[in-house]
Amino acid sequence: MAIAQASTSSVVGKSVKRIDVQEKVTGAAQYTDDIAFGNALHHCRVKRSPHPHALIKKINYDKALLIPGVKLVVTGEDFPEYVGLYLQDRNIFARDRVRFVGEGVAAVVASTEEIAEKALDAIDVEYELLQPVLDPEFGASKEAPIIHPDLEKYEHPNFIFPVNGTNMANHFKIRKGDTEAAWPQCAAIVEHTFRIPQVQHVPIEPHVAIAKAEENGQVTLWASTQSPFAQRALLAKSLHIPESDFRVIAPLIGGGFGCKAGVTMEAIPVAAALKLKGVPIKLLLTREEEFYTNFVRQGLVIKLKVGCDKDGNLLAMENTMYWDGGAYTEYGVNVTRAGGYSSTGPYDIPNMRTDSICVYTNHPVGGAYRGFGMAELHTGVGQIMDMLADKIGMDRTEFHLRNCVRGGDVLATGMVIHEVGLPECIDKVARALKLGEKEAPSAPNKLRGKGIALAWKAPAMPPNAGSSALVKMNADGTVNVSVGGQELGQGTFTAMAQIAAESLGVPYEAVKVLGPIDTRYSPYEWQTVASRLTWSMGNAVRNAALDAKKKILDIVAEAWNEKPEDLDIKDGYVISYKTEESIEIKDFVVYGLPKADDQGWLGGPIVGAGSFMPTYVTGLDAETGQGERAVVHYTTGAQGLDIEIDKDTGRITVLYAASAFDVGKAINPDMVRQQMEGGFVQGLSSAMFEECQLVGGEMRNPSFVDYRIATAIDVPEKIDTFIVETAQDDGPFGARGIGEHPLVPVIAALANAIYDATGVRITNPPFSAEKIYMALLEAGVVN
Amino acid sequence: MSYHRITLKVNGSLEVVDISGNMTLLQMLREKLALTGTKNGCASGECGACTVLMNGDAVNSCMVLAAECDGAEIITVEGLAKNGEMDVVQKTLVDLGAVQCGFCTPGVLISARALLNRNPHPTEFEIRDALSGNLCRCTGYNRIVEAVKVAAEIEGQEGA
Ligand code: FES
Ligand code: FES
């Protein structure tokens, strides 16, 4: 037999087309709302609190039950147990009190959506109003009313530090070096407070979930979710269902950005289904509900003080952050922790004091949002570094380069950081932008400026978040890879197929990674969050493929009487380096190989299994934040913008933007660029337009008309992206994540560009035309 | 509530549908005709996910009553491909990496098709303007704009 041609090019590092694109452009792709359930389908609507803070005195739904078509009303009475990812502080429905406008107090199930909606008006809820907490700094004070009197009873892991008897759900501290001793040695010090408002994720697909409970105890949930396994775990525990009986099916999702992580509205149809067995019950949020009842990105008040010596070397920083955690902080406590351990930003600062405090307020619930606290943190850090560079009189780029983190630096938590390509990222962006060269505006009534900001982010997750994968060989030589991580549009199924093909030694085209994720059949994955899949699930897929490969080679080695080490798989053929023999794997990966002279068989169906879980992350001291390894790794990068501002209107036009990130290894370079572009534009949208306008706890702009996001006319025509590759030691092929990072530095970079253009520092986003115009007026730049 | 029986052409085939008076075109497509490619992102005319061609014009199908569609000709994303061959805009969106989660994609494709039908040589601004009613939270838009530009070039060459 002739030896198969060894593959000359590897598929890792190639920009293959995404695996799910055909179905997405033809309308065939199935999302949760597209699944047909037939006539049995029932609909659920939710009675919501109109008050930010009140005691529930009485709920009367007798009249609702009389409406024809209404099947069921459930309230908090029915479901006493808590749910929550990190801090279990939340019930499926409010029980004795409501804590934000929009909180569910009851749900109606009816034969149609209209009837369910109408029945909501027939539910009477009697409230006793309480004073709301509408500001996180006030919330942390002694004067504030207590929102969660039971805080001390809530379950939480040992890395969350609630302060009992207060509204502080988590207080993360760093004490490194001696900031007090450092201040007198500083040649320049800048202090400033920045405020970042809540923003909404705005996936174009609203949240939707359908649940069905059977008499035999099986419960099935179909949901638009990033976290089928976390939903199974949390809801199974809260509702006393064995995980093995709880099946979560997660079709493709139309954007998540963090708001479909953990458990949100999915709990409601599941709870209802347990009381009305045998019929599927659907809850589809309206766009209005999507805006005001879901996880928001937490608001932040960040107070920074930073100083450097006369040569521009950073000496000390104090960083106090009050996170507006909202009514429940089950997820948000870990945003606070992430903000805490990364609180220096990507800078090397010897003396550090951090207080990152998650505060309960009567605002919408804070949750995960692409970047997980980093965009908010960097809005402050990214601006104050420019302010300090200016104060000490140093070129800003040089200042960033002098102070940015580099491999081997001891971080504020005591962790020694791996090699990072951040200096190269800064250099690439600075050159692309021609930073330092002042360029003329296009018209006399315009001002032009450029700004840059750096970013870093580590996957924020429990220390032991794990992944698993299965590689199943088919008799025609194709391969099905099963994973539990979700395709959100980021392209993970494609990247996993590339990793599997490369690791196994088969053509990329032979490998399929497809949804839906189904907890009954798919292997475990913690959650699709934290930019962790390429790295973590990628390792699991690689391990599963290597396991399958080993099983394949063992069979052939036995059949050929050779050592497995002398064999390899290339392009779907097992080849022997020793004898130059080869055999196509499809010939035996399911049916096995006959032994010589018909004396029986070898092998059998090949299934490779692989897992990955980091085992090296250590705890951090509660008082000092010190520990050997706070996180798994950091992805770093830089971003810059060239903008013009119209003096007559305050309107910003972004002329050009550049991004560079160190992704370790780009498994699929074009999809890495897609993340960089899309993340930048989402960040730009938050920087220019977005804010949940909360008045007395109520969101005043819950629609696309009043909550504007960037459209095709708002984005710069040219966005350059640069991929830097400093290999991650434990990443598959050296890869680490990139999904969230491009959004992180945008607000700071834009603020720095606005300052460069106008000489006026406007610190708090969104940088609306009106806000800029008023600031220019006040500063006398226009009159 | 009033009920109607309407006759219309959807993706080239004649359909007779019984509808209630308050049913939207979007609901009719998704629930009565099982054409779920057209998406619901807001049900209030603000996101463009539900865009379809109605008598050649791009409309938000969530804002059109099904009852108004008697005698109309509707094209949805499922009707863009002809004889198994994808429309040029479908191909260029694929080739230029302009699809991520894909939820805005059906509406984007229809808006792009409508633009090229009425203006075969659009400027960059005309493309951005035509797409400004189609919200996309994933891609950052530029690849979509580029894909429409390239589609126009390809069609220009084919027409020449
Ligand atoms: S669903 Fe029709 S415009 Fe949003
Ligand atoms: S691709 Fe996700 S909304 Fe456009």
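The model shown is predicted, which means the values in this text are computed figures rather than measured ones.

1. Focus on the overall build of chain A
So, step 1. For chain A, the count of helices and strands is 17 helices and 33 strands.
So, step 2. By principal-axis analysis of the C-alpha atoms, chain A measures approximately 95 × 75 × 50 Å.
So, step 3. The buried share among the 783 residues of chain A stands at 66%.
So, step 4. The contacts in chain A between residues at least 6 apart in sequence include a share of 78% that link residues at least 24 apart.
So, step 5. Taken as a whole, chain A presents about 26,700 Å² of accessible surface, with 48% of it coming from carbon and sulfur.
So, step 6. Side-chain charges in chain A split into 74 positive and 98 negative, and the spacing between the mean points of these groups amounts to 1 Å.

2. Examining the domain arrangement of chain B
Residue and element names in this part refer to chain B.
So, step 1. Splitting chain B by domain gives domain 1 (3–79) and domain 2 (88–159).
So, step 2. One C-alpha centre belongs to domain 1, the other to domain 2, and the line joining them spans 22 Å.
So, step 3. Each partner contributes residues to the interface: domain 1 has 16 residues there, and domain 2 has 12 residues.
So, step 4. Summed over both partners, the interface of domain 1 with domain 2 comes to about 990 Å²; 68% of that surface belongs to carbon and sulfur atoms.

3. Quick notes on helix α1 (residues 25–32) of chain B
Residues and elements named next belong to chain B.
So, step 1. Of all the residues in α1, the buried ones are L25, L26, M28, L29 and R30.
So, step 2. On the buried face of α1, the contacting elements are β1 (3–10), β2 (13–20), β3 (51–54) and β5 (73–75).
So, step 3. A34 lies just past α1 and shows a positive phi near 55°.

4. Some points on the side chain of S342 of chain A
So, step 1. Among the secondary structure elements, S342 of chain A is positioned in the loop between α9 (332–341) and β17 (351–360).
So, step 2. The contact partners of S342 of chain A, leaving out residues within four places of it in the chain, are M374, L377, W456 and Y634 of chain A.

5. Concerning the nonpolar core
Generally speaking, soluble globular proteins have nonpolar side chains that are buried together.
So, step 1. The biggest cluster of nonpolar side chains holds 185 residues, and the ones touching the most others in it are I552, V574 and F588 of chain A.
So, step 2. Per-element accounting of this core gives the leading share, 14 residues, to helix α14 (residues 533–560) of chain A.
So, step 3. The next biggest cluster of nonpolar side chains, apart from the first, holds 89 residues, and it includes I204 and L743 of chain A together with C42 and L116 of chain B.

6. Some points on the layout of surface pockets
So, step 1. When its volume is computed, the largest pocket comes out at roughly 1,700 Å³.
So, step 2. The wall of the largest pocket is formed by 49 residues, among which H43, E113 and E114 of chain A together with Q27 and E31 of chain B lie closest to the centre.
So, step 3. Considering only residue class, the lining of the largest pocket consists of 20 nonpolar, 14 polar and 15 charged.

7. Re the pattern of salt bridges
So, step 1. For the structure on display, the rule yields 53 salt bridges over all chains.
So, step 2. Residues K39 of chain B and D34 of chain A are paired through a salt bridge, measuring 2.5 Å at the closest nitrogen-oxygen approach. Of the two residues, K39 of chain B is situated in the loop between α1 and β3 and D34 of chain A in the loop between α1 (21–26) and β1 (42–48); the pairing between them involves two chains. The two residues K39 of chain B and D34 of chain A agree in class, both being buried.
So, step 3. A salt bridge links R195 of chain A to E137 of chain A; its shortest N-O distance comes to 3.7 Å. You can see R195 of chain A sitting in strand β10 (residues 188–196) and its partner E137 of chain A sitting in helix α4 (residues 136–139), a full 58 residues away along the chain.
So, step 4. Overall, the relative accessible area of 39% leaves R195 of chain A in the partly exposed class.
So, step 5. A single network of salt bridges, built from pairs that share partners, joins D33, D34 and K282 of chain A together with R30 and K39 of chain B.

8. Regarding the packing of helix α10 (residues 374–392) of chain A against helix α11 (residues 396–403) of chain A
Residues and elements named next belong to chain A.
So, step 1. At their nearest, the axes of α10 and α11 sit 9 Å apart, and the two run at 115° to each other. Compared by their axis directions, α10 and α11 come out roughly perpendicular. Judged by the twist between their axes, the crossing of α10 over α11 is right-handed. Residues M385, D386, L388, A389 and D390 of α10 lie in contact with α11, whose contacting residues are R396, F399 and H400.
So, step 2. Its residues assigned to classes, the contact of α10 with α11 comprises 4 nonpolar, 1 polar and 3 charged.

9. Re the sheet that holds β3 of chain B
Residues and elements named next belong to chain B.
So, step 1. Taking strand neighbours across the sheet as the criterion, the 5 strands line up as β2-β1-β5-β3-β4 in an open arrangement whose pairing is mixed. Looking at strand neighbours, the two that pair on one side only are β2 and β4 (57–60), the edges of this open sheet. Shown here is a sheet whose adjacent strand axes are inclined to one another by a mean of 40°, direction ignored.
So, step 2. Most of the contacts of α1 go to β2, to which it runs at about 110°, and overall it touches β1, β2, β3 and β5.
So, step 3. In this fold helix α3 (residues 105–118) packs onto β3, β4 and β5, with an angle of close to 35° to the strand it touches most, β3.

10. A closer look at the interface of chain B and chain A
Frequently, the measure chosen for interface size is the accessible area that the parts lose on association.
So, step 1. Between chain B and chain A, the contact holds 40 residues from the first and 50 residues from the second.
So, step 2. Area buried by chain B at its contact with chain A is led by Q100, R137 and R143 of chain B, which between them contribute 23% of it.
So, step 3. On inspection of chain B and its partner chain A, the count reaches 6 salt bridges.
So, step 4. Of the charged contacts in the structure, one is a salt bridge between R30 of chain B and D33 of chain A, with a shortest N-O distance of 3.2 Å.
So, step 5. For the pair chain B and chain A, the number of links is 21 residue pairs in polar contact (both at pLDDT 80 or more).
So, step 6. Mapped onto the side of chain B that touches chain A, the elements with two or more residues apiece are α2 (88–95), α3, α4 (124–131) and α5 (142–159) of chain B.
So, step 7. Residue contributions to the side of chain B that touches chain A peak at 5 residues, all from α4 of chain B.
So, step 8. Here the side of chain B that touches chain A is composed, by residue class, of 17 nonpolar, 13 polar and 10 charged.

11. Here's the deal with the packing of aromatic side chains
Residues and elements named next belong to chain A.
So, step 1. With the rule as written, the count across this model stands at 15 aromatic pairs over all chains.
So, step 2. Plain terms: the ring middles of Y86 and F159 are 6.1 Å apart, the flat faces sit at 70° to each other, and that makes the pair edge-to-face. Residue Y86 is located in the loop between β4 (82–83) and β5 (90–91), and its partner F159 is located in the loop between α4 and β9 (168–176); the two are separated by 73 residues in the primary sequence.
So, step 3. Taken together, a centroid distance of 5.4 Å and an interplanar angle of 65° make the contact between F229 and Y524 edge-to-face. Note that F229 is positioned in helix α6 (residues 228–238) and Y524 in the loop between β22 (517–518) and α14, a separation of 295 residues in sequence.
So, step 4. Residue placement shows R297 over the ring face of Y369; its charged tip is 4.9 Å from the ring centre.
So, step 5. Above the ring of Y755, the side-chain terminus of R761 is found at 4.8 Å from the ring centroid.

About the cut-offs
Residues numbered from 1 in each chain as written. Chains lettered and ligands numbered in written order. Predicted model: local features only at pLDDT ≥ 70, side-chain atom pairs only at ≥ 80, totals over all residues. Heavy atoms only, no water. Helix = DSSP H or I, 4+ residues; strand = E, 2+ residues; numbered from the N terminus. Buried < 20%, exposed > 50% of the residue type's maximum accessible area, 1.4 Å probe, protein only. Contact = heavy atoms within 4.5 Å. Areas by Shrake-Rupley, 256 points an atom, 1.4 Å probe, with all protein chains shown as cover. Lys, Arg positive; Asp, Glu negative; His and termini not counted. Charge placed at Lys NZ, Arg CZ, Asp CG, Glu CD. Domains from an automatic or database assignment. Buried area = accessible area lost by both parts, 1.4 Å probe. Core = buried A, V, L, I, M, F, W, Y, C linked by side-chain atoms within 4.5 Å. 1 Å grid on protein atoms, 1.4 Å probe; cavity = no way out; pocket = protein on both sides within 12 Å on 5 of 7 lines; lining within 4 Å. Points joined across faces, edges and corners; volume = space filled by probe spheres on them. Nonpolar A, V, L, I, M, F, W, Y, C, P; charged D, E, K, R; others polar. Salt bridge = Lys/Arg side-chain N within 4 Å of Asp/Glu carboxyl O. Axes fitted to C-alpha atoms, helices over the stretch in contact; angles between N-to-C directions. Parallel < 35°, antiparallel > 145°, perpendicular 65-115°, else oblique. Left-handed = near helix turned anticlockwise from the far one by under 90°. Pairing = 2+ DSSP bridges. Polar contact = N/O pair within 3.5 Å; in protein donor to acceptor, adjacent residues only side chain to side chain. Phe/Tyr/Trp six-rings, centres within 6.5 Å; stacked < 30°, edge-to-face > 60°. Lys NZ or Arg CZ within 6 Å of the ring centre and 35° of its normal.

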